[in-house]
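One-letter residues, chain by chain:
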Amino acid sequence: MRTPNRHTLRAAIVLLLALLAVDLIVCQQFNRRIDASVAPLVLGAAAVTTARVAVVFFHSMNKQGVLAPGQISRLETARQLYQRGSVAHILCIGGARPQQGLFGSVISKEWLVSHGVPASRVDADTASFDTRSNLAIAARELAARPGQTAVLVSTPAHLYRILQWLPMTNVPVACALAPYGGFFPWWDAVNHEMLALTARRLLSERAYAALIGIVRHRRAVVKGTGAADY
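Residues numbered from 1 in each chain as written. Predicted model: local features only at pLDDT ≥ 70, side-chain atom pairs only at ≥ 80, totals over all residues. Heavy atoms only, no water.

Draft legend 1. A look at helix α2 (residues 69-83). Its 15 residues place the ends of α2 21 Å apart at the C-alpha level, agreeing with the 21 Å of an ideal helix rising 1.5 Å per residue. Along α2, the positions that sit buried rather than exposed are G70, Q71, S73, R74, L75, T77, A78, R79 and L81. Among the residues trailing α2, G85 stands out with phi positive, at a value near 85°. (Helix = DSSP H or I, 4+ residues; strand = E, 2+ residues; numbered from the N terminus. Expected span 1.5 Å × (residues − 1). Buried < 20%, exposed > 50% of the residue type's maximum accessible area, 1.4 Å probe, protein only.)

Listed below in structure tokens is the structure:
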């Protein structure tokens, strides 16, 4: 097999760096749109009496059921909301992996209880497994709480998509921002959301559902970290 010469290798590196630079610029522009959309709904520190339930959207876990740092970040955000009195209840949704005998929301509830939140104050969904099914569960639960503000807990990028896809309910909605955890998690999340939004606009419901299944399987096999809901 003929090996690439130095000129070809240099050209490939330059092209790769150029693509990365373009991607970063696009990510930054998209991030401005995210901030503009989500920021007006961020729950203020003084909001104690109106927000009664925090809805924590699942991130991911590995094949042994160990929660990923991204999920810990969301749970810690919800725990702080409860401890300061901003919410009275926490609903964990997503992460259903019945084929593996794992339910991410149940594991999330166990984490919250082990970190000081009373078990009676946490519910765990065992049916939803991606953002679309997360939202179906969330809409049902929110509709059952008229007059109460629901606080959606996730990263800003994920919340941007959630707010666009959330079915209309009679429940006021606020947002609580879970930290990304660094540059690369931010970059991965923003790219993920751009791809998800683009795919949903271009593909039929059936094709999009099939794509989600393929992507989730590959993430679980290649990375060994389990499938992400977000």
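Draft legend 2. Seen up close, the packing of helix α4 (residues 131-143) against helix α5 (residues 156-165). As a packed pair, α4 and α5 sit with axes 11 Å apart at the nearest point and diverge in direction by 60°. Comparing their axes, α5 and α4 come out oblique. Where α4 crosses over α5, the two elements pack in a sense that is right-handed. Every residue of α5 that contacts α4 at T131, R132 and L135 is listed here: H158, R161, I162 and W165. Partitioning the contact of α4 with α5 into residue classes produces three nonpolar, two polar and two charged. (Axes fitted to C-alpha atoms, helices over the stretch in contact; angles between N-to-C directions. Parallel < 35°, antiparallel > 145°, perpendicular 65-115°, else oblique. Left-handed = near helix turned anticlockwise from the far one by under 90°. Contact = heavy atoms within 4.5 Å. Nonpolar A, V, L, I, M, F, W, Y, C, P; charged D, E, K, R; others polar.)

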